[in-house]
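If you want the building blocks of each chain, they are given just below.
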There are 2 protein chains.
Amino acid sequence: MELYGYYRSTSSYRVRIALALKGLDYQALPVNLLKGEQRGSDYLALNPQGRVPALRTDQGDLLLQSPAIIEYLEELQPQPALLPADPVGRARARAVAAIIGCDIHPLHNVSVLNRLRAAGQDEAQVNAWIGHWIGQGLAAVEQLIGDQGFCLGAEPGLADLYLIPQVYAAERFNIDLGGYPRIRRVVALAAEHPAFIVAHPSRQVDTPVQ
Amino acid sequence: MELYGYYRSTSSYRVRIALALKGLDYQALPVNLLKGEQRGSDYLALNPQGRVPALRTDQGDLLLQSPAIIEYLEELQPQPALLPADPVGRARARAVAAIIGCDIHPLHNVSVLNRLRAAGQDEAQVNAWIGHWIGQGLAAVEQLIGDQGFCLGAEPGLADLYLIPQVYAAERFNIDLGGYPRIRRVVALAAEHPAFIVAHPSRQVDTPVQ
């Protein structure tokens, strides 16, 4: 498989964690969002939405959108499972994923922040915007995850692979995580877990040399 | 089952279509977003995120977030299927759902628009914001759906139950759909389909009398 992505894109980061948890090999094909490569004609011919990530399957199909790619990986290789077996448990994991994937991340991605700036919002206003949506969303996640282990169990799963990249973004934006002890517990566990370590933005092929 | 929702909420509307396509009965429990009932202590005790929809299962579990609820319904009652059987087809349907559910709808929901107004954006700026995100997203959907039938096949499925509520929202915002002939074809088909008719915001228990 081939993964079009960007080291610091949180949605690419989610997919990398899913691939690593399942032990699936892939070739990383970086798309430099800072240079606007996602809007280049080559990439748009592949992906008309001009976003990352996109996954090329071994059969040559190009799959878009991280929620769809992650469910595909779960169906392609069911073990280790990202979702529990019972439908209610699966819905609880997908709800955490949706809070992050729909109600937090879309409101602070680069294109949205640039649109706010173009509409005359200054950096203090942009930062207040980011802090509002991340804070509101993480507060909901904090109430929905469990008291021990990863978000919803002893092993990492769907909720965790959404949460850890979202926390990475929150830290880039200097959001205080002091009010979220459960989330901080999950972050500490993930920091020691090989799949989360290998998927981290600091160690991708397109990570800039410091 | 019981569905906490609001007649004009596009994410509630999605779930209503899914329930209707599967022929599942439910009791509608309206939450009046205009009156702020989603932020009342009664509702927040149920759903800490204070959003609709939420689904109470027959076993009493409360499920949040429309993407999670819709996947739950698909698992609870697999036929008629919202998703095709093959993993790549499933990923294509979920990608359309994610474009609408992550990249369009979150950017124009009421809380986001009110936040823009609170940040000093006037109505012309708010309308330009809405038009930008809906236009960009629908342009991608237009390229990803098929040339006949519903979005991705002869029968309606996951992509359609995201698209039709999104188009309803676009029309409320006076977005021109002239550039999207495939989407307009799907809209015309849905207008004649019983599940889409019964789920329409114009005929819910909380729809205001004209």
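Described below are features of the structure shown in this document. (Residues numbered from 1 in each chain as written. Chains lettered and ligands numbered in written order. Predicted model: local features only at pLDDT ≥ 70, side-chain atom pairs only at ≥ 80, totals over all residues. Heavy atoms only, no water.)

**Considerations on the sheet that holds strand β3 (residues 54-56) of chain A**
Residues and elements named next belong to chain A.
Moving on, step 1. Pairing within the open sheet is mixed, and its four strands lie in the order β2-β1-β3-β4. Unpaired on one side and paired on the other, β2 (27-30) and β4 (62-64) mark the two borders of the sheet. Taken over all neighbouring pairs, the strand axes of this sheet differ in orientation by 25 degrees on average, direction set aside.
Moving on, step 2. Note that strand β1 (residues 2-5) and β2 share four bridges and pair parallel. When the bridges of β2 are listed, Gly 5 appears paired with Pro 30. (Pairing = 2+ DSSP bridges. Helix = DSSP H or I, 4+ residues; strand = E, 2+ residues; numbered from the N terminus. Axes fitted to C-alpha atoms, helices over the stretch in contact; angles between N-to-C directions.)

**What to know about the relation of the copies chain B and chain A**
The relation between the two copies of this chain is a rotation about an axis and a shift parallel to it.
Moving on, step 1. It takes a turn of 180 degrees to lay chain B on chain A, together with a shift of 0.0 Å along the axis; the resulting RMSD is 0.0 Å. Put plainly, the chains are arranged around a two-fold axis. Every residue of chain B has its C-alpha some distance from the rotation axis, and the shortest such distance is that of Cys 102 of chain B, at 2.3 Å.
Moving on, step 2. Both copies present the same face, since 100% of the interface residues in chain B are matched by interface residues at the equivalent positions in chain A. (Least-squares fit on C-alpha atoms with pLDDT ≥ 70 in both. Contact = heavy atoms within 4.5 Å.)

**Digging into the packing of aromatic side chains**
Moving on, step 1. Applying the stated criterion to the full structure yields 11 aromatic pairs over all chains.
Moving on, step 2. Judged by centre distance (5.0 Å) and plane angle (65 degrees), the rings of Tyr 6 of chain A and Tyr 7 of chain A are edge-to-face.
Moving on, step 3. Using a relative accessible area of 8% as the deciding quantity, one classes Tyr 6 of chain A as buried.
Moving on, step 4. The exposure class of Tyr 7 of chain A is buried, given its relative accessible area of 9%.
Moving on, step 5. When the ring of Trp 129 of chain B is compared with that of Trp 133 of chain B, the centres are 5.7 Å apart and the planes differ by 70 degrees; the resulting orientation is edge-to-face. In this pair, Trp 129 of chain B and Trp 133 of chain B are both assigned in helix α6 (residues 123-144), four residues apart and thus about one turn of the helix distant.
Moving on, step 6. We classify Trp 129 of chain B as buried; its relative accessible area is 4%.
Moving on, step 7. Against the face of Phe 173 of chain A rests Arg 172 of chain A, its NZ or CZ located 5.8 Å from the ring centre. (Phe/Tyr/Trp six-rings, centres within 6.5 Å; stacked < 30°, edge-to-face > 60°. Buried < 20%, exposed > 50% of the residue type's maximum accessible area, 1.4 Å probe, protein only. Lys NZ or Arg CZ within 6 Å of the ring centre and 35° of its normal.)

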